[in-house]
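The lines below spell out each chain.
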Amino acid sequence: QVQLVESGGGLVQAGGSLRLSCAASGRTFSSYAMGWFRQAPGKERELVAFITASGGATNYIASVKGRFIISRDNAKNTVYLQMNSLKPEDTAVYYCAANWVIMSTTPTYWGQGTQVTVSS
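Criteria and thresholds
Each residue is numbered by its place in its chain's sequence as written, counting from 1. Under the rules for a predicted model, residues below a pLDDT of 70 receive no local features and side-chain atom pairs below 80 are neither given nor counted, while totals for whole chains, interfaces and linings still include all residues. Hydrogens are left out, water is left out, and the side-chain values use all remaining heavy atoms of the structure. By definition, disulfides here are pairs of cysteine sulfur atoms that lie within 2.5 Å. Per the convention used, a helix needs a DSSP run of H or I reaching at least four residues, while a strand needs a run of E reaching at least two, with both numbered from the N terminus. Whether a residue is buried, partly exposed or exposed follows from its accessible area with a 1.4 Å probe, protein chains only, as a fraction of its type maximum: under 20%, in between, or over 50%, in that order. We define a salt bridge as a side-chain nitrogen of Lys or Arg found within 4 Å of a carboxyl oxygen belonging to Asp or Glu.

### Description of the state of the cysteines
Move 1: Going through the model one piece at a time under the given rule, you end up with one disulfide.
Move 2: Here C22 connects covalently by a disulfide to C96, the sulfurs 2.1 Å from one another. On the sign convention where negative is left-handed, the bridge of C22 and C96, at about -80° about the S-S bond, is left-handed. In this pair, C22 sits in strand β3 (residues 18-24) while C96 sits in strand β9 (residues 92-100), placing the two residues 74 residues apart along the sequence. Summarising the burial analysis for this pair, C22 and C96 share the class buried.

Written out as structure tokens, the structure is:
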């Protein structure tokens, strides 16, 4: 069982930055691939970025590549999403997710979500 708790969301102006954190419970955090999803009003949830269990590889959707950075600290059971050069279209509820070894579009564990609002 893995419990995920996100923090760091908020309101920011376009061009600004935010860092989301996701703290995980459990003793096997380093065996889980971690991802950040987001869901904007009226849109489907999408996988924004994920990082492998070891942290050796990352992947991003095209719209955030070069602006967002996903990272993890296995000693702290925490995954981060650094979001730079934010745009109004980044406004969404952001969810942290965990899946055993390999990330899935339907991961096993989810956080409760944190709101990110980017004003123009």
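### Here we look at the pattern of salt bridges
Move 1: Enumeration over the complete set of coordinates arrives at three salt bridges.
Move 2: In this structure, D90 and R38 form a salt bridge, with 3.0 Å as the shortest nitrogen-oxygen distance. Placement of the pair is D90 in the loop between β8 (78-83) and β9 and R38 in strand β4 (residues 32-39), with a sequence separation of 52 residues.
Move 3: Judged by its relative accessible area of 1%, D90 falls in the buried class.
Move 4: Owing to a relative accessible area of 7%, R38 belongs among the buried residues under this scheme.
Move 5: R67 is the partner of D90 in a salt bridge, and the nearest nitrogen-oxygen pair spans 2.8 Å. One end of the pair, D90, is in the loop between β8 and β9; the other, R67, is in the loop between β6 (58-60) and β7 (68-73), with 23 residues separating them in the sequence. Residue D90 shares its accessibility class with R67, and that shared class is buried.
Move 6: In this structure, a network of salt bridges that share partners links the residues R38, E46, R67 and D90.

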